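One letter stands for each residue in the lines below.
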Amino acid sequence: MSESNDCMSDSEYSEDEIEPKLKYVRLGNDLKKILNKTSATCIAVHTKFICLGSHLGIIYVLDHEGNNVLSQRPKAHSVSVNHISIDKNGDYIASCSDDGRVYVHGLLSTENNYNLNVARLVKTVALDPNYCKSPSNKRFITGDDKLTLHERTFLGGLKSTVLLESEGLVGSLCWGDNFLALSSSIGVRVYDMNARCSLGLIKWEEHPGVLIDKFRCNLRWANSRTLLIGWVDTVRVCIIRKRSNVELAVRALPEYLVDPVSTFQTEFYISGIAPLDQQLVLLGVPKEQDENNKSLRPQLYIVEYKDNDYSDICTDSLTLRGYQEYSVNDYHLDVLLEENVFFIVAPKDVVIASPYDLDDRIQWFIQHNKYKEALEILEHNDGRTIHKHTVQSVGIDYLDFLLSRCMYDDAGKLGLDIFEKNPSLWEDQIYKFASAHQLRAVSPYIPRTLESKLNPHIYEMILFEYLKFDGQGFLQLIKELNHQLYNVSAVINAVLDHVLTNKQDIFVEALAILYSYEQKYDISLSMYLKLKHKDVFTLIQKHNLHSVIHDMLIDLMDLDYKKTVALLLEKNNISSEKIVEKLRPSPLHLYRYLDEFDKKNTKGEYHKELVSLYAMFDRSKLLPFLKKSDRYLIQEALDICQKKKYYPEMVFLLGRMGNTKEALDLIINELKDMQYAISFCFEHDDSDLWDDLIDHCISKPECVTFLLQSIGNYIDPTALIMKIKGDMQIPGLRSSLVKMLNQYNLQVSVQEGCKKILVSDYFNLQKKLVSIRQQGTSLSSDEVCGACHYKIIQADMSRIGDLIMFNCKHIFHKKCLESQAASCVVCSPAEKMN
């Protein structure tokens, strides 16, 4: 079975800061037994299996979990296996060794098996990637001091062709579709297998103190046109591109060329190279050694390159068995490009590294308490399958984490996001809040609709906790929470028990609300009134309780008379007689009600009561009321005003009763308002009243002066002048007389002017009327005689006679009218009948 990777990799960065890119699994099972007997020298991987070359020359075919998959192994070499190559389909394996032999072994058929003895050291071999397809592809290449192609002949034999002489021993081969990459002692060459020509040599730089031929060159085709090279401590990325027609026309050149697009140097020696999306995976060995002169742990780097530089994305140090004793050439890296799975080989260990899938990433985030990131992956996974985790499962872990950190409000918000309105998921988690006495923290987020309601016991638990720890919050929740979600009676009992020891008003208000939920409105209303709480009006309106509040009117008026009066006038469920009867003990409230009632009721009811109420509470409204109404007893109103000495009101009432002299006496003697007295006399237009006014004032010089200055606008001042005694000293007599005469003359002048204007207008209008009547009148062809109804205008001139038109505009033939007709017979049918 696979072994855990916990002991195999350590990130150079804090795991709390950087998410790892790869996960590691050490291969075990049969492989473990194999490596106990021998050492691994090379590896070749396929999507179907793994081929492992050993120090004993044996090739092991294993599955991806390290189990043997073949009962009969490929033919063994006598010494260590140097290199293994597998065709694309995974049907054939080629291997080579220092024993000079090259084997081609078919896993499904032996027809194309070969056992070739080249009698030289063979460090590398490469099968045609399409070896299994057609006879033309039954070929492979070996590399020693030259590059040799071995092809199947027509009769089944092998034909060997030297493609090129190498610049030293061929150390590495990598065949990718139409191009072959090989390394020699001085550099890397790319060979075009179709054109059978070299595309050029990439020379490798000399390293001071380093022998390049002591390092294995690592070659890898990232795709059919991209070659990756890792040698010593240098990486090159090369692109195979086609030459332009201009280049080909200049001279005879290969159709393709090798273009290095990026070259950079690393701080470690390179043991393997492979692509990962747009990045590179490098297996490296530190150049330094430990204090005991032993090798340090190899490292797997994920780097991003640009131009001639690179940056580390992730670095994992690998704890491979026996790493202290190994050097750079002892490690190998192979890759399944289709799956981005990397195989790291040491002599005594094989580890598989693969990118984190979504489940792995989520698990890593969970282990590092990064639940938000884990949830984000689940919520935005672009349709990719996630097997081990769900939003709910991660959400529950996150909620437990928040609760453990006492982050109760955040936990409640999370519950709303994760569980939404799912009752079954919610209920299990709410008990966690209950155990910490933090139901209040989760209460704003739990489902509150009848469609997604929880067990009633849940809501009751929350209410009881509020009742115990937060009275104001309890009251607020009672107002907000739908009462159908819980047992109202049970909550009322709990509140009653609590009130025994805590008699705060908020609990009485809560009881009032709860009793209204049980439709016990009388209890609810009495509690509101006891608290003097204005929500009583909301309760009355909400549940239409207008007809049951008649015994509470005074209390309601005391609480808010404006809202109470509005309620009474809005519905009219209680008769005005009953309201007046209930409010009589409180005249002020009765006044407030009747004052508003009278604005909407035009029948004049309760005007008798209103007189005394206005006199008592708002005198400013009394006189206007007395003037507009005739539905009260004048004598009773006068008595009330006399008691309170409301003289203006008494003057009006006396005047209304016809007792103008007494009214005038009040104006002069009590109000002492001469202008009012004059206006009063003018209003009643009584000559006797004017005489009384003059008689009252004639003995008072200052009053005589005022009359002389004012009376000329109303009456002939002669009556006043004649009553003035000759020896009376009147202040400002001359100026007063002048003013009086001017006023009188002005009055006479105005009257004369008006008369002239009227006469002039009369004659002008008469003249205009006569002129209009004397004008001619146009006739249309549609006009008809009012008597015979024939058209007035005829085409036959002999039929046209004299016409008569009356002022009403009706037209007649003269012959159609009686000679004595003096008026229109249409407008005066009686004339026609005569």
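The residue numbers shown here count from 1 along each chain, following its written sequence. The predicted nature of this model means local features are confined to residues of pLDDT at least 70 and side-chain atom pairs, given and counted, to a pLDDT of 80 or more, with totals for whole chains, interfaces and linings taken over all residues. Hydrogens and water molecules were not included; the side-chain quantities draw on all heavy atoms of the structure.

Visitor: Sorry, what's going on with a nonpolar patch on the surface here?
Guide: A cluster of nonpolar residues, Leu 779, Ile 793, Leu 803 and Met 805, forms a patch on the protein surface that exposes about 300 Å² of accessible area. Secondary structure elements are taken from DSSP: a helix is a run of H or I of four residues or more, a strand is a run of E of two residues or more, and numbering for both begins at the N terminus. Locating Met 805 in the fold gives a position in strand E29 (residues 803-805). Think of it in three bands: with a 1.4 Å probe and only protein chains considered, a residue is buried below 20% of the maximum accessible area for its type, exposed above 50%, and partly exposed in between. Look at Met 805 and you get partly exposed, because its relative accessible area is 33%. Candidate patch residues must exceed 30% relative accessible area and have no salt bridge, after which like charges are joined if within 9 Å and Val, Leu, Ile, Met, Phe, Trp or Tyr side chains if within 5 Å. Note on areas: Shrake-Rupley, 1.4 Å probe, and residue coverage restricted to the protein chains presented here. Salt bridges are counted wherever a side-chain nitrogen of Lys or Arg sits within 4 Å of a carboxyl oxygen of Asp or Glu.

Visitor: Would you take a moment to explain the nonpolar core for this structure?
Guide: Most often, soluble globular proteins keep nonpolar side chains buried together rather than apart. Note on terminology: a nonpolar core comprises buried Ala, Val, Leu, Ile, Met, Phe, Trp, Tyr and Cys residues joined through side-chain atoms within 4.5 Å. Phe 474, Tyr 486, Tyr 593 and Leu 693 are the most contacted members of the largest nonpolar core, which totals 125 residues. Top element by residues in this core is helix H12 (residues 505-517). It accounts for ten residues. What makes two residues a contact is simply this: any of their non-hydrogen atoms within 4.5 Å. Each residue touching Tyr 486, except ones within four places of it in the same chain, is listed here: Pro 456, Tyr 459, Glu 460, Leu 463, Ile 478, Leu 481, Val 491, Leu 514 and Tyr 517. Counting residues in hydrophobic clusters, the runner-up holds 46 residues, among them Trp 204, Ile 229, Ala 346 and Val 351.

Visitor: So what exactly am I meant to see when it comes to a negative patch on the surface here?
Guide: We treat Lys and Arg as the positive residues and Asp and Glu as the negative residues; His and chain ends play no part in the count. Every charge is mapped to an atom, namely NZ of Lys, CZ of Arg, CG of Asp or CD of Glu. A surface patch of negative charge is lined by Glu 373, Glu 376, Glu 379, Asp 417 and Glu 420. Among the elements that make up the negative patch, the one with the highest residue count is helix H4 (residues 371-379) (three residues). Structurally, the position occupied by Glu 376 is in helix H4.

Visitor: Which parts of the structure should I look at to understand the sheet that holds strand E15 (residues 179-183)?
Guide: As a general point, the strands of a sheet are linked pairwise by backbone hydrogen bonds and lie either parallel or antiparallel. Taken in spatial order, the four strands make up an open sheet running E14-E15-E16-E17, and their pairing is antiparallel. Strands with a single pairing partner mark the edges of an open sheet, and in this sheet they are strand E14 (172-176) and strand E17 (197-203). For this sheet, the mean inter-axis angle between neighbouring strands, taken without regard to orientation, is 15°. Bridging between strand E16 (residues 187-192) and E17 involves five bridges; their strand directions are antiparallel. Within E17, the position partnered with Tyr 191 by the bridge is Ser 198. For two strands to count as paired, DSSP must find a minimum of two bridges between them. Only the stretch in contact is used when a helix axis is fitted, and all axes are lines through C-alpha atoms; the angle between N-to-C directions ranges over 0 to 180 degrees.

Visitor: Got a minute to help me understand the pattern of salt bridges in this structure?
Guide: For side chains of opposite charge, pairing can occur when their charged atoms come near one another. A complete count under the given rule lists 30 salt bridges for this structure. Where Asp 145 meets Lys 146, a salt bridge forms, and the shortest distance between an N and an O atom there is 3.3 Å. On the basis of relative accessibility, which here comes to 39%, the residue Asp 145 falls in the partly exposed class. A salt bridge links Glu 609 to Arg 584; the nearest nitrogen and oxygen atoms lie 3.5 Å apart. Highlighted residues: Glu 609 in helix H18 (residues 607-617) and Arg 584 in the loop between helix H16 (576-583) and helix H17 (587-600), separated in sequence by 25 residues. Of the residues examined, Arg 584 reaches a relative accessible area of 44% and is grouped as partly exposed. Within the structure, one salt-bridge network assembled from shared partners comprises Lys 23, Asp 357 and Asp 360.

Visitor: Help me out: how do you make sense of empty space enclosed by the protein in this one?
Guide: Empty space among the atoms becomes visible once a probe the size of a water molecule is rolled across them. Both site types are read off a 1 Å grid over the protein atoms alone. A 1.4 Å probe that fits but cannot get out defines a cavity, while an open set with protein on both sides within 12 Å along at least five of seven lines defines a pocket; lining residues have an atom within 4 Å of a point. Grid points are joined across faces, edges and corners, and a volume is the space filled by probe spheres set on the points. Across all of its chains, the model carries one cavity of 30 Å³ or more by this definition. There is about 40 Å³ of room inside the largest cavity. Lining the largest cavity, in full, are His 546, Ile 549, Leu 567, Leu 568, Lys 571, Asn 572, Asn 573 and Ile 574. For the lining of the largest cavity, the class distribution of residues is four nonpolar, three polar and one charged. Each residue gets one label: Ala, Val, Leu, Ile, Met, Phe, Trp, Tyr, Cys and Pro are nonpolar, Asp, Glu, Lys and Arg are charged, and the others, such as Gly, are polar.

Visitor: Please clarify how the environment of Arg 619 should be interpreted in this entry.
Guide: If you trace the backbone, Arg 619 turns up in the loop between H18 and helix H19 (622-628). Among the residues examined, Arg 619 registers a relative accessible area of 37% and is labelled partly exposed. Sequence separation between Arg 619 and Tyr 646 is 27 residues; the distance between their C-alpha atoms is 8.8 Å.

Visitor: Help me understand the sheet that holds strand E26 (residues 332-336), please; the structure alone is not making it clear to me.
Guide: Strand order across the open sheet formed by four strands is E2-E28-E27-E26, with antiparallel pairing between neighbours. Strand pairing shows two members of the sheet lacking a second neighbour, strand E2 (22-26) and E26, which therefore form its edges. Put simply, the sheet's adjacent strands are angled 25° from each other on average, direction ignored. Pairing of E2 with strand E28 (residues 349-355) involves five bridges; the strand directions are antiparallel. Residue pairing in the sheet places Lys 23 in a bridge with Ser 354 of E28.

Visitor: Which parts of the structure should I look at to understand the packing of aromatic side chains?
Guide: We describe a pair of aromatic rings using the distance from one ring centre to the other and the angle between the two ring planes. Here a Phe, Tyr or Trp ring, Trp counted by its six-membered ring, pairs with any other such ring whose centre lies within 6.5 Å, and the pair is stacked when the planes are under 30 degrees apart, edge-to-face when over 60, and tilted otherwise. As enumerated under the stated definition, the model contains 21 aromatic pairs in all. An angle of 40° between the planes, with centres 5.3 Å apart, marks the rings of Trp 204 and Trp 231 as tilted. Within this pair, whereas Trp 204 is found in the loop between E17 and strand E18 (218-223), its partner Trp 231 is found in strand E19 (residues 226-231), the two being separated by 27 residues in sequence. The class of Trp 204 is buried, set by a relative accessible area of 6%. Of the residues examined, Trp 231 reaches a relative accessible area of 2% and is grouped as buried. An angle of 80° between the planes, with centres 5.7 Å apart, marks the rings of Phe 806 and Phe 812 as edge-to-face. An aromatic cluster is present here, built from Tyr 591, Tyr 614, Phe 617, Phe 625 and Tyr 632 joined pairwise through their rings. Across from the ring centre of Trp 204, 4.5 Å away, lies the NZ or CZ of Arg 236, which sits over that ring. Each ring is checked for a lysine NZ or an arginine CZ that lies within 6 Å of its centre and within 35 degrees of its normal; such an atom marks a charge sitting over the ring.

Visitor: Honestly, the confidence of the model for the protein chain in this entry has me stumped. Any pointers?
Guide: Fine structural detail should not be taken from predicted coordinates in areas where pLDDT scores are low. pLDDT is a residue-level measure of predictor confidence that goes from 0 to 100. Overall, the predicted model of the protein chain reaches an average pLDDT of 84, with 90% of residues at or above 70. Of all helices and strands in the protein chain, the one with the weakest mean pLDDT is strand E1 (residues 9-11) (48), whereas strand E27 (residues 341-346) scores best (96). Considering only residues more than four positions removed or in separate chains, one finds that residues 1-7, a stretch of pLDDT under 50, has 13 contacts. Taken as a whole, residues 10-15 scores under 50 in pLDDT and shows 14 contacts with residues more than four places along the chain or in a different chain.

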